[in-house]
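Observations on chain architecture
This is what each chain is made of:
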Amino acid sequence: MAEDADVIVVGGGLAGLVAATEIADTGKRVIVVDQEGEQSLGGQAFWSFGGLFLVDSPEQRRLGIKDSFDLALQDWMGSAGFDRDEDLWPRRWAEAYVAFAAGEKRGWLRAMGHRSFPVVGWAERGGYDAMGHGNSVPRFHVTWGTGPGIVEPFERRAREAQKSGRLTFKFRHRVDALTTTGGAVDGVSGAILAPDPVERGQNSSRKIIGDFAVRAQAVIVASGGIGGNHDLVRKNWPKRLGDAPKNMISGVPEHVDGRMIGITEAAGARLINRDRMWHYVEGIQNWSPIWPRHGIRILPGPSSMWFDASGKRLPSPLFPGSDTLGQLHYIMSTGYDYSWFVLTQSIIKKEFALSGSEQNPDLTGKSWLMTARRATNKGAPAPVEAFKSKGADFIVRDKLEDLVGAMNALAGDNLLQLDHLKAQIEARDREIENPYVKDTQVMNIHNARRYIGDRLIRTARPHRILDPAHGPLIAVKLNILTRKTLGGFETDLDSRVFGQDGKIVPGLYAAGEAAGFGGGGMHGYRSLEGTFLGGCLFSGRNAGRAAAKAAG
Ligand SMILES: Cc1cc2nc3c(=O)[nH]c(=O)nc-3n(C[C@H](O)[C@H](O)[C@H](O)COP(=O)(O)OP(=O)(O)OC[C@H]3O[C@@H](n4cnc5c(N)ncnc54)[C@H](O)[C@@H]3O)c2cc1C
């Protein structure tokens, strides 16, 4: 039977777009199949904050940060904690990816017009020893233009290839099976879904109006993870993190449904590390949701006090921004699936950022004027102030007794005792006068302010939480928010997928979240952040180049 293209890419998210454009650039013909409509092109990456992990970049150097491949690899390995036989390829991918982030990545993107915001963020700061989890230095480079700014160069290249006939999009085409001939994957088949004019990211109809089949020499699966499918998240939830939460909100659209993972497995692909996942503990319910159960992650600075459901302060080093999975593990061990931030107006103003392109109109709209207002305005950025006044999880009061009363009313379980909370906050407040103290969180605040980027826009001047001059007081009920799938299809460095028999499945490639961002889980257990978009870029690029080369 005649081929419809040289390569088929399943998924028009970032990984699929990168793979497809690399194939088209070689002059080969590629079809991109996506179950969603054209309006959702770019997948999750469009909604993302656009944070990218880069190592020893000019942006870091300008801020006095001394970074290196060796330091970054030390951090990566300390966070990944690779400890399984299946970690052979994930570990190789991790090494190759850190080299990419310290080498070609920035220049490759820059040549396509990509730019970063000049203040580099410091995510996942750890708090253990030098070989433990976390970034030793700031490495989170926010794309100027956030998520849409990272999608844009690849969409532009894809549209050019589309015009010249090398790339064809098939939107509203849902893949239900991979087809094989003589053991080699050579096509996909599935359902044509009815057109649906929903806005980008909203749930689209699953009404079937026809079926389709297309053939090629190879298929790249770039269908994303499972974060929008809470049943699958719960099914794969690792016991080491306690029981799966009863209540979760969604940090990803519903099309991140994990369905294609089962379909690819059915074609013989080997899925590894399915119990490794990356969910956040600082989720807030979106007061203006786009997708079902839509939650937003707070990217917190270091100063908010963090309490569990019973009002006990989280232990050191589980401070905001230190160790996402450590926090998740601790919170699930309390028997409740929520926790609390308690902070001041001065802290929210300087330290709260919300992850998502639509929550950062200044950076997304590339407006220097609006961005500068972050530093000069009296209030927090407008989207944060909107959550403060309209968000279901926010409480604002002048007095601690009123705040605690309202927290109990919101949680509905009367677990919090005013005296207990007050004693812990007052004790912390007594530590604030001196720059050399024993409270580790206060030490971290002083450490953060020695970095100019944090002092400028991320870390409030140390002050007493109960100082009315910094009020009002704010409490935020924090939910668990599903996001990333760290495991995936086992692949070699050309993104070729291994079969359940340990041999490469001819014609089958995987990239992006479906491939655990490379190898079947290049993050191991934990991420240093900004590594997911980067993993899509790197694995999509490798998959596209290798599949194009293999196509005769
Ligand atoms: C709000 C938010 C903020 C984020 N911020 C960051 C950040 O700052 N830095 C960072 O590194 N990462 C961030 N991420 C994570 C990152 O955006 C994602 O991990 C990444 O974009 C995943 O890309 P992907 O191409 O692998 O999958 P997706 O974007 O999920 O794309 C997969 C595509 O495949 C399609 N598909 C699935 N199944 C089928 C099927 N059976 N048939 C046809 N089509 C199918 C889907 O419709 C979808 O379009 C963020 C994510 C979100 C949601």
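Values in this document were obtained by computation on a predicted structure and should not be read as measured data. (Residues numbered from 1 in each chain as written. Predicted model: local features only at pLDDT ≥ 70, side-chain atom pairs only at ≥ 80, totals over all residues. Heavy atoms only, no water.)

**Considerations on the environment of Gly242**
Quick note on the threshold: In this text, helices come from DSSP runs of H or I with a minimum length of four residues, and strands from runs of E with a minimum of two, each type numbered from the N-terminal end. Partly exposed residues are those whose accessible area sits between 20% and 50% of the maximum for their type, while under 20% is buried and over 50% is exposed, using a 1.4 Å probe and protein chains only.
Along the chain, Gly242 turns up in the loop between helix H8 (230–236) and strand S10 (249–250). The exposure class of Gly242 is partly exposed, given its relative accessible area of 23%. As a C-alpha pair, Gly242 and His329 span 87 residues in sequence and 6.7 Å in three-dimensional space.

**Comments concerning the sheet that holds strand S7 (residues 184–193)**
Keep this limit in mind: Strand pairing is assigned whenever DSSP identifies at least 2 bridges connecting the two strands. Think of each axis as a best-fit line through the C-alpha atoms, taken over the contacting stretch in the case of a helix, with angles from 0 to 180 degrees between the N-to-C directions.
An order of S6-S7-S8 is seen for the three strands of this open sheet, with the pairing classed as antiparallel. The open sheet terminates on both sides in strands that have one partner only, identified here as strand S6 (173–181) and strand S8 (208–215). In this sheet, adjacent strand axes meet at a mean angle of 20° when their direction is disregarded. Where S6 meets S7, eight bridges bridge the pair, whose relative direction is antiparallel. Among the inter-strand pairings, His173 is bridged to a residue of S7, identified as Ile192.

**Some details on the packing of helix H1 (residues 14–25) against helix H19 (residues 531–550)**
Filter applied, for reference: Left-handed describes a crossing in which the near helix is turned anticlockwise from the far one by less than a right angle; the clockwise case is right-handed. Note on contacts: a residue pair qualifies if any of its non-hydrogen atoms lie within 4.5 Å across the two residues. All residues other than Ala, Val, Leu, Ile, Met, Phe, Trp, Tyr, Cys, Pro, Asp, Glu, Lys and Arg, Gly among them, are scored as polar; the first ten of these are nonpolar and the last four charged.
For the pair H1 and H19, interaxial distance at closest approach is 7 Å and the crossing angle is 35°. Note on packing geometry: the crossing formed by H1 with H19 is right-handed. Contacts from Leu14, Ala15, Val18, Ala19, Glu22 and Ile23 of H1 reach H19 at Leu533, Cys536, Leu537, Gly540, Arg541, Gly544, Arg545 and Ala548. For the contact of H1 with H19, a count of residues per class yields nine nonpolar, two polar and three charged.

**Quick look at the sheet that holds strand S21 (residues 504–510)**
Sheet strands associate in pairs through backbone hydrogen bonding, adopting either a parallel or an antiparallel arrangement. Ordered by their spatial adjacency, six strands build an open sheet running S5-S2-S1-S9-S21-S20, and the pairing between neighbours is mixed. The open sheet terminates on both sides in strands that have one partner only, identified here as strand S5 (167–171) and strand S20 (496–498). Within the sheet, the average angular offset between the axes of one strand and its neighbour, ignoring direction, is 30°. Here S20 runs beside S21; their pairing, made up of two bridges, is antiparallel. When the bridges of S21 are listed, Phe498 appears paired with Ile504.

**Some points on the environment of Leu232**
For Leu232, the location among the structural elements is in helix H8. Sequence spacing of Leu232 and Ile261 is 29 residues, and the spatial spacing of their C-alpha atoms is 11 Å. The contacts of Leu232, once residues within four sequence positions are left out, are Ile226, Asp257 and Gly258.

**A word on the side chain of Asn542**
Its place among the elements puts Asn542 in helix H19. The exposure class of Asn542 is buried, given its relative accessible area of 15%. Those residues in contact with Asn542 that sit more than four places away from it in its chain are Trp93, Leu493, Asp494 and Ser495.

**Quick notes on the pattern of salt bridges**
To be explicit about the condition: Salt bridge, as applied in this entry: a Lys or Arg side-chain nitrogen positioned within 4 Å of an Asp or Glu carboxyl oxygen.
A complete count under the given rule lists 32 salt bridges for this structure. In this structure, the salt-bridge partner of Arg61 is Asp56, at a minimum N-O distance of 3.0 Å. Take Asp56: its relative accessible area is 31%, and that puts it in the partly exposed class. Residues joined by salt bridges that share partners form a network here, namely Asp83, Arg84, Asp87, Arg240, Asp275 and Arg276.

**Considering unusual backbone geometry**
Geometrically, the link from Ser316 to Pro317 is a cis peptide bond, its omega value of 0° lying close to zero. By the element assignment, Pro317 lies in the loop between strand S14 (305–308) and helix H10 (324–333). The step from Gly471 to Pro472 runs through a cis peptide bond, and the omega angle for that step is 0°. Mapped onto the secondary structure, Pro472 falls in the loop between helix H18 (452–457) and strand S18 (473–485). Positive phi, normally seen in glycine, also occurs at Ser495, with a value near 65°. Inspection of the secondary structure puts Ser495 in the loop between strand S19 (488–489) and S20. Its relative accessible area of 0% is what places Ser495 among the buried residues. At Phe517, a residue that is not glycine, the phi angle is positive and equals roughly 65°. Within the secondary structure, Phe517 is located in the loop between S21 and H19.

**Focus: the packing of helix H6 (residues 104–111) against H19**
Short version of the rule: Each angle is binned into one of four classes, with values under 35 degrees roughly parallel, values over 145 roughly antiparallel, values of 65 to 115 roughly perpendicular, and all other values oblique.
Put simply, H6 and H19 touch, their axes get as near as 12 Å, and they point 80° apart. Taken together, H6 and H19 sit at an angle that is classed as roughly perpendicular. Each of Glu104, Lys105, Trp108 and Leu109 in H6 lies in contact with H19, whose residues at this interface are Gly534, Leu537, Arg541 and Arg545. Within the contact of H6 with H19, the residues separate by chemical class into three nonpolar, one polar and four charged.

**A closer look at helix H15 (residues 400–411)**
Basically, it comes down to this: To estimate how far a helix should extend, the number of its residues minus one is multiplied by 1.5 Å.
Its twelve residues give H15 an end-to-end C-alpha distance of 16 Å, which sits within 8% of 16 Å, the value for a rise of 1.5 Å per residue. Those residues of H15 lying buried are Leu400, Leu403, Val404, Ala406, Met407 and Asn408. Close packing links the buried residues of H15 with strand S15 (338–344), strand S17 (394–397), helix H16 (418–430) and S18. Backbone geometry just after H15 places Gly412 at a positive phi near 75°.

**Section: the site of the ligand**
As a reminder, the rule being used: Throughout, near means a residue has at least one heavy atom within 4 Å of the molecule or strand. N or O atoms closer than or at 3.5 Å make up a polar contact, with two conditions inside protein: a donor-capable atom paired with an acceptor-capable one, and, for residues adjacent in sequence, both atoms drawn from side chains. Methods summary: accessible areas were calculated by the Shrake-Rupley approach with a probe of 1.4 Å, and residue burial reflects only the protein chains presented.
With respect to spatial proximity, 39 residues lie near the ligand, and among them Asp34, Gln44, Val175, Glu513 and Leu533 are the closest. Between Asp34 and the ligand, the recorded distance is 2.6 Å, taken from a side-chain N or O atom to an oxygen atom. Contact between the ligand and Val175: a nitrogen atom at 2.9 Å from a main-chain N or O atom of the residue. Considered on its own, the ligand offers 1000 Å² of accessible surface; in the complex 99% of this is hidden by protein.

**As for the layout of surface pockets**
Here is the rule we go by: A pocket, in this scheme, is an open set of points on a 1 Å grid over the protein atoms alone with protein on both sides within 12 Å along at least 5 of 7 lines, while a cavity is a set where a 1.4 Å probe fits but cannot get out; residues line either one if an atom lies within 4 Å of a point. Grid points are joined across faces, edges and corners, and a volume is the space filled by probe spheres set on the points.
In this model, the largest pocket occupies a volume close to 600 Å³. Together, 35 residues line the largest pocket, and Lys350, Glu351, Ala353, Ile457 and Arg458 are the ones closest to its centre. Elements supplying a minimum of two residues to the lining of the largest pocket: strand S4 (140–142), strand S13 (295–300), helix H11 (345–351), strand S16 (352–355), helix H13 (368–376) and H18. Looking at the lining of the largest pocket, the element that brings in the most residues is H11, giving four residues. Partitioned by chemical class, the residues of the lining of the largest pocket number 18 nonpolar, seven polar and ten charged. Computed from the structure, the second largest pocket encloses a volume of approximately 360 Å³. As for the second largest pocket, its lining consists of 22 residues, of which Trp122, Arg125, Asn444, Asn447 and Ala448 are closest to the centre. Residues of the lining of the second largest pocket, tallied by class, amount to nine nonpolar, eleven polar and two charged.

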